[in-house]
Amino acid sequence: MKKVGFLGVGEYLPEKILTNQQLEKMVDTSDEWITTRTGIKERHLAASGEAASDLAFKAAQKALANANFKPADLELIIVATITGDMPTPSTAAILQNMLGAPKAACFDLSAACAGFVYGISVAQQFIASGTYKNALVVGAEVLSSITDWQDRNTCVLFGDGAGAVVLAEVKHGGIISTYLGCDGSKVDILNVPGGGSRNPATHTTVDAHQHFLKMSGNELFKIAVNTMTMAAQTVLKQAGLTFADVDLIIPHQANSRIIMAVAKKLGIPEEKVYLNIERCGNMSSASTVTALVEAVAEGKVKRGDIILLDAFGAGLVWGACIIKW
Ligand code: COA
């Protein structure tokens, strides 16, 4: 099998920022509650009319420039998202046209907060098998479009953003191991109940706020800690490595308390954990990839380093990945 690695990375966070202090004026909450329970201080929000493809386009342009790669040469585009521009066509198809990448096969991937890890795992298979020479994988979300701004249980948690990577065959390093999983028996504790074929959009679904994210946060918390711990242990074992070999863990950014509980269980010191949740909140499939992009930009990921990506979200799904940078 061919080795598959990262040629370039890029991110885009919308200009508008919503702080905890501003949220205090919208719902019954406090900066103190949000900070201590989640680690979030502020989040970026897309402008009115700004869709997932707009964010994806800006992140993809940066990743392509970083890779010194022409869009016309792209053979595959995967957009991991739960907030695509429209139910059909795919946001990947819209992005292909924006970028000018007519050769690329395109599809969206729905694996919620594990979407980016699922996406690079799928792209890796296509490249390793020789089907395609390269792939653009994007995690892009406008979660503000499915956030109930009257529900304090959820509206303080989410943000908008996009991250992108260009993948191709590499001589050294690359993706060493991936582990994906799902427990479909717990659909009820995190979902958007309205708008699909089960419950199509009607005046009633709109009035009942069914097009927004619903979450049993407390129930999810423990499952998130245990699942992310198990996924990290499994992928490391598959790779034949131990936690002492890991230079940086880049987890999905749902809650800093979840992340630190996972790190503690794994015996990974805090300084080896990358966080951007304080500035970005939870951006679902955009979280892990933007954290990776920022860690690279800050020089926290160096050539030869062993990186562990670890994500968990609605499905319930999980995905972990070991990369040699
Ligand atoms: N401001 C103030 N109080 C709030 C609040 C807010 N924004 N949101 C909830 N509360 C209240 C609740 O109403 C509850 O009040 P009560 O005790 O009077 O009923 C209290 O705070 C505690 O709520 P609880 O849900 O137990 O808080 P928590 O410590 O579990 O934190 C989450 C809530 C959502 C931050 C946390 O559970 C979490 O991060 N869950 C997992 C998220 C996750 O993994 N998602 C999957 C990937 S997307």
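Look a little higher up for the structure.
If you're wondering where the values come from, they're calculated on a predicted model, not measured in any experiment.

Draft legend 1. Molecular detail of unusual backbone geometry. Looking along the chain, the bond that leaves threonine 88 and enters proline 89 is cis, with omega of 5 degrees. By the secondary structure assignment, proline 89 is in the loop between strand S4 (76–80) and helix H4 (91–99). The amide bond that connects glycine 315 to the next residue, leucine 316, takes the cis arrangement and shows omega of -10 degrees. Of note, the phi angle at alanine 112 is positive, near 45 degrees, even though the residue is not glycine. With respect to the helices and strands, alanine 112 occurs in the loop between strand S5 (105–109) and helix H5 (115–128). For alanine 112, a relative accessible area of 7% puts it in the buried group. At serine 284, a residue that is not glycine, the phi angle is positive and equals roughly 45 degrees.

Draft legend 2. Focus on the sheet that holds strand S6 (residues 134–142). Pairing in this open sheet of five strands is mixed, and the strands run S1-S7-S6-S4-S5 from one edge to the other. Both edges of this open sheet fall to strand S1 (4–12) and S5, since each of them pairs with a single strand only. Taking each pair of neighbouring strands and ignoring which way they run, the sheet shows an average axis angle of 15 degrees. With five bridges joining them, S4 and S5 adopt parallel strand pairing. Directly across from leucine 76, in S5, lies its bridge partner alanine 105.

Draft legend 3. Quick look at the packing of helix H8 (residues 217–239) against helix H9 (residues 256–266). Where H8 meets H9, the closest approach of the two axes is 9 Å, and the angle between their N-to-C directions is 45 degrees. Looking at the two axes, H8 sits oblique to H9. As H8 packs across H9, the resulting crossing turns out to be right-handed. Of the residues in H9, those in contact with Phe221, Ala224, Val225, Asn226, Met228, Thr229, Ala232 and Gln233 of H8 are Arg257, Ile258, Ala261, Val262, Lys265 and Leu266.

Draft legend 4. Broad picture of the side chain of serine 53. Positionally, serine 53 belongs in helix H3 (residues 52–67). Setting aside anything within four residues of it in sequence, one finds serine 53 in contact with Asp85, Thr91, Ile94, Leu95 and Met98.

Draft legend 5. Main features of the sheet that holds strand S13 (residues 317–324). Pairing is mixed in the open sheet, where four strands are placed in the order S8-S13-S12-S11. Two strands in the sheet have a free side with no partner beyond their single neighbour: strand S8 (174–182) and strand S11 (248–251). Neighbouring strand axes in the sheet, compared pairwise and without regard to direction, differ in orientation by 15 degrees on average. With four bridges joining them, S11 and strand S12 (residues 306–313) adopt parallel strand pairing. Bridge pairing in S12 links leucine 248 to isoleucine 307.

Draft legend 6. Expanded view of the packing of aromatic side chains. Taken as a whole and assessed by the stated rule, the structure comprises two aromatic pairs. Consider the rings of phenylalanine 126 and tyrosine 132, whose centres lie 5.2 Å apart with planes at 50 degrees: the pair is tilted. Since its relative accessible area comes to 22%, tyrosine 132 is described here as partly exposed.

Draft legend 7. Broad picture of H9. Burial in H9 covers these residues: Ser256, Ile258, Ile259, Val262, Ala263 and Leu266. Buried residues in H9, looked at end-on, bunch into an arc of 160 degrees, giving them a common side. Where H9 starts, the residue carrying a side-chain oxygen 2.7 Å from the main-chain nitrogen of arginine 257 turns out to be asparagine 255. The positive-phi residue at the C-terminal boundary of H9 is glycine 267, with phi of around 75 degrees.

Draft legend 8. Representation of the site of the ligand in the model. Surrounding the ligand, one finds 23 residues, the nearest of these being Thr29, Arg37, Arg152, Asn218 and Asn255. Expressed as a share of its isolated accessible area of 970 Å², the protein-covered part of the ligand is 75%. Going through the elements one at a time, helix H2 (31–38), helix H6 (152–155), H8, H9 and S12 are the ones with two or more residues in the shell around the ligand. A per-element tally of the shell around the ligand places H8 first, with five residues. A domain-level breakdown of the shell around the ligand finds at least three residues from each of domain 1 (4–172) and domain 2 (176–324).

Calculation criteria
- Residues numbered from 1 in each chain as written.
- Predicted model: local features only at pLDDT ≥ 70, side-chain atom pairs only at ≥ 80, totals over all residues.
- Heavy atoms only, no water.
- Helix = DSSP H or I, 4+ residues; strand = E, 2+ residues; numbered from the N terminus.
- Buried < 20%, exposed > 50% of the residue type's maximum accessible area, 1.4 Å probe, protein only.
- Pairing = 2+ DSSP bridges.
- Axes fitted to C-alpha atoms, helices over the stretch in contact; angles between N-to-C directions.
- Parallel < 35°, antiparallel > 145°, perpendicular 65-115°, else oblique.
- Left-handed = near helix turned anticlockwise from the far one by under 90°.
- Contact = heavy atoms within 4.5 Å.
- Phe/Tyr/Trp six-rings, centres within 6.5 Å; stacked < 30°, edge-to-face > 60°.
- Arc of directions from axis to C-beta.
- Polar contact = N/O pair within 3.5 Å; in protein donor to acceptor, adjacent residues only side chain to side chain.
- Near = heavy atom within 4 Å.
- Areas by Shrake-Rupley, 256 points an atom, 1.4 Å probe, with all protein chains shown as cover.
- Domains from an automatic or database assignment.

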